[in-house]
Amino acid sequence: MKGLIFAFLGGAFITLQGVANARISQDIGTWQTASITQLTGFLAALFVLIFAVKGQWHGLGKVRPLYLIGGAFGAIVVFSNVTAIHFIGVTLTVSAMLIAQLGMTFLIDRNGWFGVKKQKMRMPQLIGITMMVAGVMILGW
C-alpha cells in the first residue's frame, strides 16, 4: 500500500513540477529552468537528509560510477518535459512520458539491466502496454 501511495504522490508531483517548469521557462529559458529545478531539488533533498533521515554514506564506495550519474538524467527529464509541454500540452506530454517509462521499464525488467532481476513478460503485460499506446494515440488525435 505504501508503494502505491508514493507512486501516486510521485506521479502527481512530476506533473505539478512539469507545469510549473513550463511556466518558469517562458520567462527565463528551458535550461535555466532545469538548472533551478535541479538546484532546488538538491537543496530539498539535502534538508531532508540532514534533519529527517539518518544517512549512511559508508556504502557509497560500493556504488558503480555509472549509477552515480543517475541524477544527471533529471536535467534531461526536466528539459524534455518542459519542451514537450510547450509543443503538445500537459495531458499528452504526461501520457507520452508514461508510455516511454513503461517501454523502458519493460526492457529493463526483460533484460535484467542495472542489476535488476529478469522478469518474464507475458501476454497480459504486452496487451496492457499496447492498450496504453493506443489510448495515447487516440488522445493525441
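This text follows the structure it describes.
Novice: Would you take a moment to explain the overall build of the protein chain for this structure?
Specialist: On a plain count of helices and strands, the protein chain comes out with 6 helices and 0 strands. Secondary structure of the protein chain in N-to-C order comes out as α-α-α-α-α-α. Evaluated residue by residue, the protein chain yields a buried proportion of 14% over its 141 residues. In the protein chain, 59% of the contacts between residues at least 6 apart in sequence involve partners at least 24 apart. About 10,700 Å² of surface is accessible on the protein chain, with carbon and sulfur atoms providing 73% of the total.

Novice: Can you walk me through the side chain of serine 95 in this structure?
Specialist: With respect to the element layout, serine 95 can be found in helix 5 (residues 90–111). Contact partners of serine 95, with chain neighbours within four places excluded, come to Val136 and Leu139.

Novice: Would you explain unusual backbone geometry in this entry?
Specialist: Note: most residues except glycine have negative phi, and most peptide bonds are trans. At phenylalanine 114, a position not held by glycine, the phi torsion is positive, near 60°. With respect to the helices, strands and loops of the structure, phenylalanine 114 is situated in the loop between helix 5 and helix 6 (123–140). By relative accessible area, which is 48% here, phenylalanine 114 ends up partly exposed.

Rules used in this analysis
Residues numbered from 1 in each chain as written. Predicted model: local features only at pLDDT ≥ 70, side-chain atom pairs only at ≥ 80, totals over all residues. Heavy atoms only, no water. Helix = DSSP H or I, 4+ residues; strand = E, 2+ residues; numbered from the N terminus. Buried < 20%, exposed > 50% of the residue type's maximum accessible area, 1.4 Å probe, protein only. Contact = heavy atoms within 4.5 Å. Areas by Shrake-Rupley, 256 points an atom, 1.4 Å probe, with all protein chains shown as cover.

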